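Listed below are the residues making up each chain.
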Amino acid sequence: MAANIPTNAQAQGGIGVSVPHTEHEDHLHNDEHHEQSFISKYVFSTDHKVIAKQFLITGIFWAILGGTLSSLFRLQLGWPEATLEWLTPVLGKWVEAGKLNPEFYLALVTMHGTIMVFFVLTAGLSGTFSNFLIPLQIGARDMASGFMNMLSYWFFFISSVIMFSSLFIETGPAAAGWTIYPPLSALPQAIPGSGAGMTLWLVSMALFIVSQLLGGVNYITTIINLRTRGMSMSKLPLTIWSFFLTAVLGLLAFPVLFSAALLLIFDRSFGTSFFLSDIYIAGQALPNTGGSPILFQHLFWFLGHPEVYIVIMPAMGMVSEIMATNARKPIFGYRAMIGSLLGISLLSFVVWAHHMFVTGMNPFLGSVFMFLTLIIAVPSAVKTFNWLATLWRGNIRFTTAMLFSIGFVSLFVSGGLTGIVLGNAALDIQVHNTYFVVAHFHLVMGSSAFFGLFAGVYHWFPKMFGRMMDEKLGYIHFWLTFLGVYLVFLPMHYVGIAGFPRRYYSWTGFDTFSQFADLNKFISVAAILAFFAQFIFIFNFFYSIFRGRRATENPWQSNTLEWTTPVVPGHGNWPGAIPAVYRWPYDYSKPGAETDFIPQNVPFSQTQSSNMPYEREMAD
Amino acid sequence: MHTSEVLTAKEPGTGQHPYRLQLILLMISSSMIFAAYTSAYIVRRDEGNWLEFALPVALAINSAIILVSSGTMQWAYMAARRNSIKQVRIALILTFILGLAFLVGQWNVWGDLVASRIFFGGTDANPSGSFVYVLMGVHAFHLVTGLIFLWVVLRKSLRYEVHSKQMLSIGNATIYWHFLGGLWLYLYLFLLLNH
């Protein structure tokens, strides 16, 4: 099948995981024969593939933790009367007389959001796949600056250590919600979590932002400067386009969060009043005057909204790539896919105030933001229809990655529809701060991005570790997760429409809400089961690294350049010269072709039977 | 590092060296910080309860200093293109000294502000004053990174590594230094027009 692929990789055939540095032996560009120590190869590595795995494994750690936190607060929400004494060995003093400490409940919610949004779905998702795929798919030996790339991971690591340590301090971690609105987040008198926990949160996020900027600058530079011969922007795989625009969003949005965080630090520790004014707390009037808490919300959501696209766009790119490969069809509307990514990126910066419809903003301004928000439905619909059209009459191979990609589209549609509801100021004001909002963003951005992440891991695992993940365990993992997600979040919409407020520790005192006790229990059971289903993935992942079936160079018969490397590419990616690119990445099932896929590095002169008229000219 | 040597051997896609592009991207990113602060400043000012005060005169002197330092930096760059290594060193040292002078000047302005009872924080502080400290402070932080960059280039030039065939580092330093100067002039004009 793969006989017509001219790759130097084939000569290198069966390089196993543990064989180090065979690539140096016939390295054209590099005649340094140095043995790397364990430290420089796996710890302070400048190889983008190792850094990607570092991001992935750190991300997995955070995902387990974030999931555990959500199970804890789902226990509280599902069984508000139950005793949680049995959790004392884990939670210690946060369980008081069999009850979860209410302030710790808020900390759980806050840390769950922070961890999932930033540490898993930003660093774990785009950190992993931007690092892994950009050089491999554009035909570069590494990132533009391997050193900055390494720094990016280690800043993330230090930031992770600080955030993690904040879970164990006496006053508890930050508890003002992942959006850390002042004045709650600014005043230690208001809630214990706004003490040292909040300080650590801010320091950790500042380092996180540095990590994101170092990474993002590298991704953009690499994509612009280091593409191989023939790899024009219009021949890039959609993954690369999505990573590129994600990095652009990060570069423009994260500095603004940094600005807001710095002002908040000044308010908390240096006595300024940027966000604080006229506050009377615990029987005392605070001296702060002249601040504006709404100002913080503007600054925060100027990052916060692009952030949700930073989370979802890499998933979109990977899903496009995986779908085309496994439907054995060209992606439908390649240019429309790029155009819609550009449209989403642009719009993401002018819709932030739809998070603030209830802040008393001018209704006219609200309508402008509402209008711009609803326009996002257009590029999103373009993408959705293109994915569906790609599947239409495709010769679909239901690999685990493909299932997760289809699941992604399903969740994106289900969650996106409620986005149209929430984008309308009048409707949003009604369901603001209810579980309707929680259900919306968990489907459209949380679960979808997770599905993109899973799809990516299942699809590129063979290139990462030279082995295959187990398909059967993958199917079980997919179906449990897919059903679990819907069973959790569909009822949540219903509860939300009834006005059930988010972030409430206890709701049993309200007759309006206590009728939802059964539904809450149901959601909790589904959430905890779905969480446990993830351990199937974790087992599959770590088991397959060591014991999985050995992979071939191109197990999915895909067109992109990473599959022309050896089974496990070494530092430098290609043992010989970097392949040149002649065609777009989506020549699947091309009429007249001998095989149902033609990799990007196959010149038109070798595929006379399938060339289009204009391609025949290029072949000459 | 051997990887970067391998990489630079390739044809760059924009005709720009990757480090040049990285610098430009980082400058865009920094600009976003100041865009955020200056728009926050305007939003906050329009909400009222805004203490108006005259900016210290010394800020004009500092602005003049940083303007001149941009000139000497440009001189260093041109001298490097002409291969006048001595002039490069003199101009870089001058720029470095002017940069330090600017920082000292900014520090003194903070003193002047405190003397006229415009405080950064505390009971008497108003956001209008705090913003001035933040803008000056964050800019000064960037200027320190600029001075470190200058120092690196200066050391290179002492080792004869800055000349017409090796213009990358001094070129980047020049761009960054002009950026820092331009940024300050923007901030100064912004404060003059909006205080």
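So, how was this worked out
- Residues numbered from 1 in each chain as written.
- Chains lettered and ligands numbered in written order.
- Predicted model: local features only at pLDDT ≥ 70, side-chain atom pairs only at ≥ 80, totals over all residues.
- Helix = DSSP H or I, 4+ residues; strand = E, 2+ residues; numbered from the N terminus.
- Contact = placed C-beta atoms within 7 Å.
- Rg over C-alpha atoms; globule rule 2.2 N^0.38 Å.
- Buried ≥ 20, exposed ≤ 12 C-beta atoms within 10 Å, placed from the backbone.
- Domains from an automatic or database assignment.
- UniProt positions renumbered as here; feature names shortened; annotations may be inferred.
- Nonpolar A, V, L, I, M, F, W, Y, C, P; charged D, E, K, R; others polar.
- pLDDT = per-residue confidence, 0-100.
- Core = buried A, V, L, I, M, F, W, Y, C linked by C-beta atoms within 7 Å.
- Expected span 1.5 Å × (residues − 1).
- Bend = angle between axes of the 7 residues up to and from the residue.
- Axes fitted to C-alpha atoms, helices over the stretch in contact; angles between N-to-C directions.
- Parallel < 35°, antiparallel > 145°, perpendicular 65-115°, else oblique.
- Left-handed = near helix turned anticlockwise from the far one by under 90°.

## With respect to the overall build of chain B
1) Next: Across its full length, chain B carries six helices and zero strands.
2) Next: If you list the helices and strands of chain B from N to C, you get α-α-α-α-α-α.
3) Next: Seen through its C-alpha atoms, chain B measures out along the principal axes to roughly 60 × 35 × 25 Å.
4) Next: Of all intrachain contacts in chain B linking residues separated by at least 6 positions in sequence, the fraction that spans at least 24 positions is 78%.

## A word on the overall build of chain A
1) Next: Looking only at helices and strands, one finds 19 helices and four strands in chain A.
2) Next: By the compact-globule yardstick of 25 Å for 620 residues, chain A fits well, its C-alpha radius of gyration being 25 Å.
3) Next: Projected onto its principal axes, the C-alpha positions of chain A cover 85 × 50 × 45 Å.
4) Next: When each of the 620 residues of chain A is scored for burial, the buried share is 56%.
5) Next: Across chain A, the fraction of contacts at a sequence separation of at least 24, relative to all contacts at a separation of at least 6, is 79%.

## Details of the domain arrangement of chain A
Residues and elements named next belong to chain A.
1) Next: According to the domain assignment, chain A consists of domain 1 (40-228) and domain 2 (398-540).
2) Next: Inter-centroid distance (C-alpha atoms) of domain 1 to domain 2 is 19 Å.
3) Next: At the junction of the two partners, domain 1 supplies 23 residues and domain 2 supplies 20 residues.
4) Next: Listed by contribution, the elements that provide at least two residues to the side of domain 1 that touches domain 2 are α3 (48-78) and α5 (102-138).

## Regarding the environment of V368(A)
Residue and element names in this part refer to chain A.
1) Next: Turning to its location among the elements, V368 is positioned in helix α11 (residues 363-375).
2) Next: Look at V368 and you get partly exposed, because 14 C-beta atoms sit within 10 Å.
3) Next: Taking the C-alpha atoms as reference points, V368 and V350, separated by 18 residues in sequence, lie 9.5 Å from one another.

## Focus on the UniProt feature "transmembrane region" (unreviewed entry) in chain B
Residues and elements named next belong to chain B.
1) Next: Within this numbering scheme, the UniProt entry marks residues 21-43, 55-78, 90-110, 130-154 and 175-193 as carrying the feature "transmembrane region" (unreviewed entry).
2) Next: The straight-line gap between the two end C-alpha atoms of residues 90-110 is 30 Å; of that span, 100% is helix and 0% is strand.
3) Next: In this annotation, residues 175-193 is assigned 100% helix and 0% strand; the end-to-end C-alpha distance for the span is 27 Å.

## Overview of the interface of chain A and chain B
1) Next: In this complex, chain A contributes 39 residues to the contact, which on the side of chain B involves 38 residues.
2) Next: Of all the secondary-structure elements, those providing two or more residues to the side of chain A that touches chain B are α6 (146-165), α7 (196-225), α8 (238-269) and α9 (293-327) of chain A.
3) Next: Of the residues forming the side of chain A that touches chain B, the biggest block, eight residues, is contributed by α8(A).
4) Next: Each residue belonging to the side of chain A that touches chain B can be placed in one class, and the counts come to 19 nonpolar, 16 polar and four charged.

## Quick word on the confidence of the model for chain A
One rule of thumb: low pLDDT means the predicted coordinates there are not for detailed reading.
Residue and element names in this part refer to chain A.
1) Next: On average, residues of chain A carry a pLDDT of 90, and 94% of them reach 70 or more.
2) Next: By mean pLDDT, the top-scoring element of chain A is helix α10 (residues 334-347) (97), and the lowest-scoring one is helix α1 (residues 9-12) (36).
3) Next: A low-confidence stretch, residues 1-33 (pLDDT under 50), is modelled with 51 contacts involving residues beyond four sequence positions or located in other chains.

## Quick look at the nonpolar core
All names here are of chain A.
1) Next: Ranked by internal contacts, the top residues of the largest apolar core, which has 226 residues, are F244, L257, V319 and A455.
2) Next: Looking at this core, the element that brings in the most residues is α5, giving 22 residues.
3) Next: Two domains each put at least three residues into this core: domain 1 (40-228) and domain 2 (398-540).
4) Next: Those residues within four positions of V319 in sequence are excluded, and the remaining contacts are W387, S405, F408, V409, G452 and A455.

## Structural notes on unusual backbone geometry
Residues and elements named next belong to chain A.
1) Next: Of note, the bond from P182 into P183 is cis; its omega dihedral lies within 30 degrees of zero at 5°.
2) Next: Locating P183 in the fold gives a position in the loop between α6 and α7.
3) Next: Notably, R393 is not glycine yet its phi reads approximately 55°, a positive angle.
4) Next: Residue placement: R393 occurs in the loop between α12 (377-391) and α13 (400-423).
5) Next: Its identity as a non-glycine residue notwithstanding, S589 has a phi of 50°, on the positive side.

## Digging into the environment of R141(A)
1) Next: By the element assignment, R141(A) lies in the loop between α5 and α6.
2) Next: Through-space distance from the C-alpha of R141(A) to that of P575(A) is 9.9 Å; in sequence the pair is 434 residues apart.

## Some words on α8(A)
Residues and elements named next belong to chain A.
1) Next: When the terminal C-alpha atoms of α8 are compared, their 45 Å separation across 32 residues agrees well with the 46 Å that a helix rising 1.5 Å per residue should span.
2) Next: At L251, α8 is bent by approximately 25°, the largest bend along its length, and proline P255 sits one to four residues beyond.
3) Next: Counting buried positions along α8 gives 29 out of 32 residues, so the element sits mostly inside the fold.
4) Next: Once α8 finishes, G271 follows within two positions and takes phi at roughly 75°, a positive value.

## Quick word on the environment of F270(A)
1) Next: Its location among the elements puts F270(A) in the loop between α8 and β3 (280-281).
2) Next: Given 13 C-beta atoms within 10 Å, F270(A) falls into the partly exposed group.
3) Next: Not counting the four nearest positions on each side in its chain, F270(A) is found in contact with F120(B) and G121(B).

## Examining helix α4 (residues 85-115) of chain B
Residue and element names in this part refer to chain B.
1) Next: Between its first and last C-alpha atoms α4 spans 45 Å; for 31 residues at 1.5 Å apiece the expected length is 45 Å, and the two agree.
2) Next: Considered for burial, the residues of α4 that qualify are V88, A91, L92, T95, L98, G99, F102, Q106, V109 and L113.
3) Next: Looking at the buried residues of α4, the elements they touch are α3 (58-81), α5 (127-158) and α6 (168-194).
4) Next: Once α4 finishes, R117 follows within two positions and takes phi at roughly 60°, a positive value.

## What about the packing of α8(A) against helix α2 (residues 18-45) of chain B?
1) Next: At a minimum axis distance of 8 Å, the contact between α8(A) and α2(B) shows a crossing angle of 45°. The pairing of α8(A) with α2(B) is recorded here as oblique in orientation. For the pair α8(A) and α2(B), the sense of crossing is right-handed. Residues L251(A), L252(A), P255(A), V256(A), F258(A) and S259(A) of α8(A) pack against L25(B), I28(B), S29(B), S30(B), M32(B), I33(B), A36(B) and Y37(B) of α2(B).
2) Next: Looking at the contact of α8(A) with α2(B) residue by residue, the classes come out as 11 nonpolar, three polar and no charged.

## Side note on the packing of α4(B) against α5(B)
Each pair of packed helices gets described by two things: the angle between the helix axes and the distance between those axes.
Residues and elements named next belong to chain B.
1) Next: At a minimum axis separation of 10 Å, α4 and α5 run at an interaxial angle of 160°. With respect to α5, the element α4 is oriented roughly antiparallel. Pair α4 / α5 crosses with left-handed handedness.
2) Next: Residue composition of the contact of α4 with α5, by class: 20 nonpolar, six polar and one charged.

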